[in-house]
Amino acid sequence: MDYLKEVEGKRVHDPLSQKMRRIIRVDVPVIVGAGPSGLATAACLKERGLPSLVLERENCLASLWQLKTYDRLRLHLPKEHCELPLMPFPSDFPTYPTKYQFLNYLEAYAKRFDIRPFYNMTVVCAEYDHRSRLWQVTTLGAEKEEETVYQCQWLIVATGENAEEVVPEIPGMNEFGGPIIHTSLYKSGHSYHGKKVLVVGCGNSGMEVCLDLCNHNAFPSLVVRDSVHVLPQEMLGRSTFGLSMWLLKWFPVRLVDQFLLLVSGIMLGDTARFGLHRPKLGPLQLKSLSGKTPVLDVGTLANIKAGNIKVCPGIKQLSYHAVEFVDGRVENFDAIILATGYKSNVPSWLKEDKMFSEKDGFPRRPFPNGWKGECGLYAVGFTKRGLLGASLDARRIAEDIEHTQFTAFDPACPRHDSRDPIN
């Protein structure tokens, strides 16, 4: 790429680490992450005539979708709410595309906008240098033997909300004796035929894994520790999400929530009878305040009602192929699947604490104002609003960079004189 300019002193040998260190000055935005958020931002920049450099730690784009999702996964929302900027889904795709169709769409998207990420490049550190007024983005390649530092004016964090698995510490995990895996390693229920499997976590993934296990003649149980909203995927002939968005144009959130719960009660019945107690806040209000997504039922609830999936309380401790629950009940299981979600990994590599919270790795400012920080720092895909939120961020970031590319530097980032101390 002709916009990569290796600066003087480009290769430096570090005798302490035995690594080669390469320094490269780039005159384009650097995007960390080649998932849907990173691709969307690169495309929006390309539309404005601005190239970018995309760094990806895995060997493929959309690595979460390619490497860490189960086979039966489909988009939970209709395709029109999940398309990236500037390119709709093919018209022959179903309303809820499969994961393989979505991946084909992303591959075509990258090809259309000539997005060619640098793969196997793990960003281990990124910090702003006030002397040069540039971001210093340090990466390690696949062999971990050569360090590359990219110097850039704009840094776009696109690693997203789901960068690292959340694996809880459960007393007795080492004594269980059977497999305990995160859903990132689960592909299908084929290998669990005839086995008793405990699924921990009642979000969309946990519910769908239970359904998949049922379809492969396993015997799943579901740990439900907290209250949860379960809604039908569609109501009144429309997607629940689409109907909600339409109603919000005319009515306040409180009334829309009441409507959703009324229709859900008619269609699904009282979920509390089956151990699925609803939160006090309505589904849309809860999503807005906490980011907790309601479960869109695709058939799991019918299996719970039929007794094919057992609902269990929280876990107290594990022993050999056995689980003791907080209510004192003990049951035997062959395997445990942790549908306990993911978290941001930004605090582990971004040396900055103004824009991102060190606690959860999300922008401190809530949606819709969390996309821009200081000194050319941006965030995309942290809105807790899925691909729609990421697409909105991508458009804003591209527009902002286009407007600032001829501005010398962000006035919020004064240059430090070489004699001044740098904190």
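Refer to the structure presented above.
Model, not experiment: these values are computed from the prediction.

The rules we used
Residues numbered from 1 in each chain as written. Predicted model: local features only at pLDDT ≥ 70, side-chain atom pairs only at ≥ 80, totals over all residues. Heavy atoms only, no water. Helix = DSSP H or I, 4+ residues; strand = E, 2+ residues; numbered from the N terminus. Buried < 20%, exposed > 50% of the residue type's maximum accessible area, 1.4 Å probe, protein only. Salt bridge = Lys/Arg side-chain N within 4 Å of Asp/Glu carboxyl O. Contact = heavy atoms within 4.5 Å. Pairing = 2+ DSSP bridges. Axes fitted to C-alpha atoms, helices over the stretch in contact; angles between N-to-C directions. Phe/Tyr/Trp six-rings, centres within 6.5 Å; stacked < 30°, edge-to-face > 60°. Expected span 1.5 Å × (residues − 1). Parallel < 35°, antiparallel > 145°, perpendicular 65-115°, else oblique. Left-handed = near helix turned anticlockwise from the far one by under 90°.

## Describing unusual backbone geometry
Stage number 1. Going from F367 to P368, the amide bond is cis rather than trans, its omega being 10°.
Stage number 2. The phi dihedral of A62 is positive, around 50°, even though this residue is not glycine.
Stage number 3. Within the element layout of this structure, A62 appears in the loop between strand 4 (53–55) and helix 2 (63–67).
Stage number 4. For A62, a relative accessible area of 1% translates into the label buried.
Stage number 5. Its identity is not glycine, yet D114 carries a phi of approximately 50°, on the positive side.
Stage number 6. If you trace the backbone, D114 turns up in the loop between helix 3 (99–112) and strand 5 (122–129).
Stage number 7. We classify D114 as partly exposed; its relative accessible area is 43%.

## A word on the pattern of salt bridges
Stage number 1. All told, the structure shown has 15 salt bridges when counted by the stated rule.
Stage number 2. Among the ionic pairs, E165 bridges to K68, the shortest N-O distance being 3.0 Å. With E165 in strand 9 (residues 164–165) and K68 in the loop between helix 2 and helix 3, this pair connects stretches of sequence that are 97 residues apart.
Stage number 3. It is possible to trace a salt-bridge network through shared partners that takes in K196, K310, D327, R329 and E331.

## Focus on the side chain of T383
Stage number 1. Structurally, the position occupied by T383 is in the loop between strand 23 (377–379) and helix 9 (386–404).
Stage number 2. The residues touching T383, leaving out its near neighbours within four places in the chain, are E161, F367, G389, A390 and D393.

## Examining the sheet that holds strand 18 (residues 315–319)
Stage number 1. One open sheet accounts for three strands, arranged 18-19-20; its pairing is antiparallel. With partners counted over all chains shown, the strands left at the sheet margins are strand 18 and strand 20 (330–332), one partner each. Neighbour to neighbour, the strand axes of the sheet diverge by 25° on average, direction disregarded.
Stage number 2. One ladder, built from four bridges, connects strand 18 with strand 19 (residues 322–325); its direction is antiparallel.

## Quick look at the packing of aromatic side chains
Stage number 1. In the structure shown here, the tally under the stated rule is 14 aromatic pairs.
Stage number 2. Taking 5.3 Å as the distance between ring centres and 65° as the angle between the ring planes, the aromatic pair formed by Y128 and W135 counts as edge-to-face.
Stage number 3. Look at Y128 and you get buried, because its relative accessible area is 15%.
Stage number 4. Here the aromatic cluster, defined as three or more aromatic residues joined through ring pairs, consists of W65, F89, F93, F102, Y105, Y109 and F113.

## What to know about helix 9
Stage number 1. Compared with the 27 Å implied by 1.5 Å per residue over 19 residues, the 27 Å span of helix 9 between its first and last C-alpha is a close match.
Stage number 2. Among all positions in helix 9, only L387, G389, A390, S391, D393, A394, I397, A398, D400 and I401 are buried.
Stage number 3. As for helix 9, its buried residues are in contact with helix 1 (36–47), helix 3, strand 8 (155–157) and strand 23.

## Side note on the packing of helix 5 (residues 240–247) against helix 6 (residues 253–268)
Stage number 1. The contact between helix 5 and helix 6 brings their axes to 10 Å, and the two run at 150°. Considering the angle they form, helix 5 stands roughly antiparallel to helix 6. By crossing handedness, the relation of helix 5 to helix 6 is classed as right-handed. Across the interface between the two elements, T240, L243, S244 and L247 from helix 5 touch V256, F259 and L260 from helix 6.

## What about the sheet that holds strand 21 (residues 335–338)?
Stage number 1. Across the sheet, five strands lie side by side as 10-21-11-12-17; this open sheet has parallel pairing. Where the open sheet ends on each side, the last strands, each with one partner, are strand 10 (180–182) and strand 17 (310–312). Taken pair by pair, the neighbouring strands of this sheet meet at an average axis angle of 25°, ignoring direction.
Stage number 2. Note: strand 12 (residues 219–223) against strand 17, three bridges, orientation parallel. Bridged to S221 within strand 17 is K310.
Stage number 3. Here helix 4 (residues 204–215) sits on the sheet in contact with strand 11 (196–200), strand 12 and strand 21, set at roughly 165° to strand 12.

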